[in-house]
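If you want the building blocks of each chain, they are given just below.
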Amino acid sequence: MSTEKSGDPADMTKAGEVKAGEERPKWDNKIQYLLTCIGFAVGLGNVWRFPYLCQVYGGGAFLIPYLIALVFEGLPLLHLELAIGQRLRTGSIGVWYSISPYLGGVGMASMIVSFLVGLFYNTILAWVLWYFFNSFQDPLPWRDCPVLSNHTAYVKECEMSTPVNYFWYRETLNITPDIETSGSLQWWLVICMATAWGIVYICFIRGIETIGKAVYITATFPYLVLTIFLIRALTLPGATAGLQYLFTPQWEILKNPKVWLDAATQIFFSLSLAFGGLIAFSSYNPQKNNCERDALIVGCVNSATSIYASIPIFAILGFKAKSNFEDCLNGNILSLTNAFNIGDQNITLENYDSWLAHLNESHPVQVADLHLKVCNLQTFLDQSASGTGLAFIVFTEAVIKMPGSQVWAVLFFIMLFSLGLSSMFGNLEGVLTPLLDMKMVPRCIPKEIFTGMMCMVSFVLALIFTMGSGNYWLEIFNGYVGSLPLLIIAFFEITAVVYIYGMNKFSEDIEYMTGRRPNLYWQANWRVISPLMLLVVFVAYVVVQAEQQPTYAAWNPNYVDFPLEQVLPYPKWVFAICVLLASMPCLPIPLVALYKFILFLKKWLMGRLHSNPYDNEGYSPDTQISVVKMEI
Amino acid sequence: MLTDLFLTLCISTALTAVQAENRCSVDAKNGYKVRLSIKTALGNKAYPWDDSEMFLFRATLAFAMRVYTKSDQYNVSSVHVCDETPRVSFWFVVSNDTELVSAEDVEKAVRISRNRINSAFMLTDQTLEFVNIPPTLVAPVQPGTPPWLIVFGVVISAVCAGVVMLLLSSFVQKRRKKGILEDENEEERCEKQNGATHEVQEGSDDFNQIFVEASSSTKL
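Please read these numbers as outputs of a predicted model, since none were measured by experiment. (Residues numbered from 1 in each chain as written. Chains lettered and ligands numbered in written order. Predicted model: local features only at pLDDT ≥ 70, side-chain atom pairs only at ≥ 80, totals over all residues. Heavy atoms only, no water.)

**With respect to the pairing of strand E3 (residues 89-96) of chain B**
Residue and element names in this part refer to chain B.
Thinking step 1. Counting buried positions along E3 yields seven of eight residues, so the element is predominantly enclosed.
Thinking step 2. Two strands pair when backbone bridges link them, and strand E1 (residues 32-36) and E3 are joined in this way by four bridges, in the antiparallel orientation. The residue bridging Arg35 from the neighbouring strand is Ser89, located in E3.
Thinking step 3. Where strand E2 (residues 79-85) lies against E3, five bridges are found, and the strand directions are antiparallel. Residue pairing in the sheet places Cys82 in a bridge with Trp91 of E3.
Thinking step 4. Two successive antiparallel strands, E2 and E3, enclose a turn made up of three residues, where Val88 displays a positive phi of approximately 65 degrees.
Thinking step 5. Judged from the two bridges that link them, E3 and strand E4 (residues 99-100) form a sheet pairing that is antiparallel. Bridged to Ser95 within E4 is Leu100.
Thinking step 6. Taking the residues that link successive antiparallel strands as the turn, the E3-E4 hairpin has two residues, and the phi of Asp97 there is positive, at about 60 degrees. (Buried < 20%, exposed > 50% of the residue type's maximum accessible area, 1.4 Å probe, protein only. Helix = DSSP H or I, 4+ residues; strand = E, 2+ residues; numbered from the N terminus. Pairing = 2+ DSSP bridges.)

So this is what it looks like as structure tokens:
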């Protein structure tokens, strides 16, 4: 395939700037740009996915595959996206179309993925807002079970599970027993969702002009809160147990290939690659900007934030485990005290073991009849959670036990909200910038109204996540849209730049922008290592997914083993939707290539049939580079 | 004669008292077990459990019976206690002259006055436990407007205000830009008429400077 773009840098400079007389918006300063990229990369996953992976995959040992994945996969792809966006100065669709018209579908795929991810990501922010609104009461509403109307007992569903679970599943989500029962729209979630989209709209209203100002707060505030939590958490009892548990390396786990797969996917999704957002952000940069250093800064800050966030999280989880362990022991102590009429507080946490041994010797039958629970600190520490479970169940339970719960709850939820908000900017820019560049926005609509319309459409579509079964649908979107299509898009990105655009031309571009050619590390990664890693990860991911029958965990109060979650398989129609969601973003890639090929064939045939010696074959509308437009 | 009557009366009351005493036992049919966890509730400020405290308990229970039956036939002597243990737990029964009060009545009386009984000992439902009498659960106080709606109202008003302000400011900015552009357009239009029109440059001498400049460059 021949590239239809001339390699002259001067021409390319014009390409980005001649846009019907309007200058391309630009960042006020470098800090805004860096903070926006860091904010986009650092999201909820850094706080609630990475610590979980660290815990499950052998603590400190997980850092090894994680850092290897960062060095060989994350940083090269990041540098590539920032460089190509900065050089070609258009959004994702324009960039790939410039490299080759056959690859215009890659940009469209990025745009579709960004849009779909933005839908469900903001729903999580709506949940965070709901918890934030509810944190201004004393006592916190998830501390106690609600009482039945006759004042004799607590609500049964709450009594069988915990108040925290009840508040999340019943009072927040009002979840249905399975995905086929849709339930109705939950009005409180609808208004929280409207608020979330309203806040997003305010920051996004004029594109990067307003985003650039908002990120001063949204990108830096989480670090402040994490530091406050770190100081507080380290003073809590049980914190050291949690930290020891997190960081004690278990080297044997590295032999399990799943660890490497999860490390590679984690670094990939954590850096928000292949969304088109990073390309959009860097396209507003001046061309003479050191994108190599930017990539290194963003990548390293993202990983450092993950590690930094896991310290307070695990200190607090250790505190919670210790609390639960002491509650378990105290329950046993009460049983023993009541059964043997021993003086109150004679048995304490310290002498419990000796008392138990003594009583077991003298009255073994009675002690056995009591059915004392086996209390093991390790079991409580093993109760890990990731995702919404970590934030809305485990963490809220820990917060109740801390003195001054309201303050910690408010701080925590504001931190989650700003983490998510700065990632939302990237998702929306990944949709807005290509649309603006492709001139799909009618001139008469001002940008403010267009962004408003985008937010309104997204809000209406996201209402499905406020239904009773919304959480199940969100898990589907999260699992199928936010994973496989991104790997495919990234693979096409890197092969397109290295093999179609040409490594030499790309190196020249980088030399023009940063002042020196990319060194051996970048060359080796771009040419061989990263595409290979992506391919292996993609294949492994598909194999792992295909092995297991897709199931989901449902909250069913009528389940026999309630409060354990009931594992149900997806019904056929739901699974069809899953497959559709995974394949729909990827379809534009072959479709656009096919369409362009058909056009090319048509022109070639016409050319052969009506060959005219006076025809100037050097001139045809396609090769004009000053107007980058898709011929739809 | 009188002394005989007096003697029989004494003996019969003593007998009934002994009978009532004997009816208090572990697992008594109309009795309840009570457990106190004073050290758990009060920590350092825990008071030792002695006969005076027991007397207070019996008096409080008699008070509860009086409130429930709305009569004054109950006294400290109506409450009989047995099987005290170092746990601080014991069984009690309530007698009404000669008969024992039924378990249901005792339960109702205790539930009605539970708060008063707890406060007499500075304990709670969990630390002053009447085994098999369910605690009266206190429903959490429900304010008129749920507090979260208030916070939501504040946030959504701020958001709406922000949106309106931003839209207005960009609208005003566009108007201002259009105003400047319109002025420039008018000037351009002036220049395009007749081709030869020049902008009138007024100098201090109050005549058209352009012709002055032009004349200096012409070789006339």
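**Focus on the environment of Ile347(A)**
Thinking step 1. Mapped onto the fold, Ile347(A) is located in the loop between helix H16 (291-340) and helix H17 (352-362).
Thinking step 2. When the C-alpha positions of Ile347(A) and Leu336(A) are compared, they lie 8.6 Å apart, and in sequence the two are 11 residues distant.

**A short note on the interface of chain A and chain B**
Thinking step 1. Contact with chain A, which involves 32 residues of that partner, is made by 31 residues of chain B.
Thinking step 2. Surface buried jointly by chain A and chain B totals about 2,700 Å² across both partners, of which 67% is contributed by carbon and sulfur atoms.
Thinking step 3. Interface area lost by chain A to chain B is led by Phe133(A), Asn341(A) and Asp344(A), which between them contribute 22%.
Thinking step 4. Viewed at the interface, chain B and chain A are joined by one salt bridge.
Thinking step 5. The residue Glu448(A) makes a salt bridge to Lys174(B) at a minimum N-O spacing of 3.6 Å.
Thinking step 6. Taken together, chain A and chain B are joined by 11 residue pairs in polar contact (both at pLDDT 80 or more).
Thinking step 7. Put simply, the parts of the chain that give the side of chain A that touches chain B at least two residues each are helix H7 (104-133), helix H10 (187-204) and H16 of chain A.
Thinking step 8. Ranked by residues supplied to the side of chain A that touches chain B, first place goes to H10(A) with eight residues. (Contact = heavy atoms within 4.5 Å. Buried area = accessible area lost by both parts, 1.4 Å probe. Salt bridge = Lys/Arg side-chain N within 4 Å of Asp/Glu carboxyl O. Polar contact = N/O pair within 3.5 Å; in protein donor to acceptor, adjacent residues only side chain to side chain.)

**Some words on empty space enclosed by the protein**
Residues and elements named next belong to chain A.
Thinking step 1. Throughout the structure, instances matching the rule amount to four cavities of 30 Å³ or more.
Thinking step 2. In this structure, the largest cavity encloses a volume near 80 Å³.
Thinking step 3. In terms of lining, the largest cavity is formed by Gln55, Gly242, Phe314, Leu317, Gly318, Lys320, Ala321, Phe380, Leu381, Gln383 and Val394.
Thinking step 4. Mapped by element, the contributors of at least two residues to the lining of the largest cavity are H16 and helix H19 (377-382).
Thinking step 5. Examining the composition of the lining of the largest cavity, we find that five residues originate from one element, H16, more than from any other.
Thinking step 6. Counted by class, the lining of the largest cavity contains six nonpolar, four polar and one charged residues. (1 Å grid on protein atoms, 1.4 Å probe; cavity = no way out; pocket = protein on both sides within 12 Å on 5 of 7 lines; lining within 4 Å. Points joined across faces, edges and corners; volume = space filled by probe spheres on them. Nonpolar A, V, L, I, M, F, W, Y, C, P; charged D, E, K, R; others polar.)

**A short note on the UniProt feature "binding site: Na(+)" (unreviewed entry) in chain A**
All names here are of chain A.
Thinking step 1. In the numbering used here, UniProt assigns the "binding site: Na(+)" (unreviewed entry) feature to Gly39, Ala41, Val42, Asn46, Ser270, Asn302, Leu419 and Ser423. Annotated residues spanning 385 residues; largest pairwise C-alpha distance 12.4 Å, indicating a single compact cluster.
Thinking step 2. Within the secondary structure, Leu419 is located in helix H21 (residues 405-437).
Thinking step 3. When near neighbours in sequence (up to four residues on either side) are disregarded, Leu419 contacts Gly39, Val42, Gly43, Leu44, Val47 and Pro222.
Thinking step 4. Secondary-structure assignment places Ser423 in helix H21.
Thinking step 5. With a relative accessible area of 5%, Ser423 lands in the buried category.
Thinking step 6. Not counting residues up to four positions away in its chain, the partners in contact with Ser423 are Gly39, Phe40, Val42, Gly43 and Tyr121.
Thinking step 7. A distance of 3.4 Å separates a polar atom in the side chain of Ser423 from the backbone oxygen of Leu419. (UniProt positions renumbered as here; feature names shortened; annotations may be inferred.)

**Focus: the UniProt feature "transmembrane region" (unreviewed entry) in chain B**
Thinking step 1. UniProt marks residues 148-168 of chain B with the feature "transmembrane region" (unreviewed entry), using the numbering shown here.
Thinking step 2. Secondary structure content for residues 148-168 of chain B is 100% helix and 0% strand, while the C-alpha to C-alpha distance between its ends is 30 Å.

**Description of the state of the cysteines**
By definition, a disulfide links the sulfur atoms of two cysteine residues through a covalent bond.
Residue and element names in this part refer to chain A.
Thinking step 1. Taken as a whole and assessed by the stated rule, the structure comprises two disulfides over all chains.
Thinking step 2. With its sulfur 1.8 Å from that of its partner, Cys145 forms a disulfide with Cys158. Its S-S torsion of about -85 degrees marks the bond between Cys145 and Cys158 as left-handed, since a negative value means left-handed. In this pair, Cys145 sits in the loop between H7 and helix H8 (156-160) while Cys158 sits in helix H8, placing the two residues 13 residues apart along the sequence. Of the two residues examined, Cys145 and Cys158, each falls in the buried class.
Thinking step 3. The side chain of Cys328 participates in a disulfide bridge whose partner is Cys375; the two sulfur atoms lie 1.8 Å from each other. Looking down the S-S bond of the Cys328 and Cys375 bridge, the torsion is -85 degrees, so its handedness is left-handed. Remark: Cys375 occurs in the loop between helix H18 (364-369) and H19 and Cys328 occurs in helix H16; sequence separation between them is 47 residues. (Disulfide = S-S within 2.5 Å.)

**Some details on the pairing of E1(B)**
Residue and element names in this part refer to chain B.
Thinking step 1. For E1, the buried fraction is high: five of the five residues fall into the buried class.
Thinking step 2. Side-chain alternation along E1 places Tyr32, Val34 and Leu36 on one buried face and Lys33 and Arg35 on a second face that is also buried.
Thinking step 3. Bridge analysis of E1 against strand E5 (residues 128-130) gives three bridges, and the strand direction is antiparallel. The residue of E5 that forms the bridge with Leu36 is Leu128.

**Quick look at helix H2 (residues 30-41) of chain A**
All names here are of chain A.
Thinking step 1. An ideal rise of 1.5 Å per residue puts 16 Å on 12 residues; H2 measures up with 17 Å between its terminal C-alpha atoms.
Thinking step 2. Listed in full, the buried residues belonging to H2 are Gln32, Tyr33, Leu34, Leu35, Thr36, Cys37, Ile38, Gly39, Phe40 and Ala41.
Thinking step 3. Among the residues of H2, the N-terminal cap falls to Asn29, whose side-chain oxygen and the backbone nitrogen of Ile31 are separated by 3.3 Å. (Expected span 1.5 Å × (residues − 1).)

**As for the packing of H10(A) against helix H22 (residues 447-461) of chain A**
Residue and element names in this part refer to chain A.
Thinking step 1. Here H10 crosses H22 at 155 degrees, and the two axes come no closer than 10 Å. Considering their axes alone, H10 and H22 lie roughly antiparallel with respect to each other. Relative to H22, the crossing made by H10 is right-handed. Contacts from Val190, Met193, Ala194, Trp197, Tyr201 and Phe204 of H10 reach H22 at Glu448, Thr451, Gly452, Met454, Cys455, Ser458 and Phe459.
Thinking step 2. Residue composition of the contact of H10 with H22, grouped by class: nine nonpolar, three polar and one charged. (Axes fitted to C-alpha atoms, helices over the stretch in contact; angles between N-to-C directions. Parallel < 35°, antiparallel > 145°, perpendicular 65-115°, else oblique. Left-handed = near helix turned anticlockwise from the far one by under 90°.)

**Here we look at a negative patch on the surface**
Thinking step 1. A cluster of like negative charges, contributed by Asp50(B), Asp51(B), Asp83(B) and Glu84(B), occupies part of the molecular surface.
Thinking step 2. Structurally, Glu84(B) is set in strand E2. (Patch = residues over 30% accessible without salt bridge, like charges linked within 9 Å, V, L, I, M, F, W, Y side chains within 5 Å. Areas by Shrake-Rupley, 256 points an atom, 1.4 Å probe, with all protein chains shown as cover. Lys, Arg positive; Asp, Glu negative; His and termini not counted. Charge placed at Lys NZ, Arg CZ, Asp CG, Glu CD.)

**Observations regarding the packing of helix H5 (residues 63-88) of chain A against helix H24 (residues 484-514) of chain A**
In a packed pair of helices, the relevant descriptors are the angle between the two axes and the axis-to-axis distance.
Residue and element names in this part refer to chain A.
Thinking step 1. H24 packs onto H5 with a crossing angle of 65 degrees between their chain directions and a minimal axis gap of 10 Å. In the crossing of H5 with H24, the sense of the turn from one axis to the other is left-handed. In contact with Leu77, His79, Leu80, Glu81, Ala83, Ile84, Gln86, Arg87 and Leu88 of H5, H24 contributes Ala490, Glu493, Ile494, Val497, Tyr501, Phe506, Asp509, Ile510, Tyr512 and Met513.
Thinking step 2. Here the residues of the contact of H5 with H24 are counted per class, giving 13 nonpolar, two polar and four charged.

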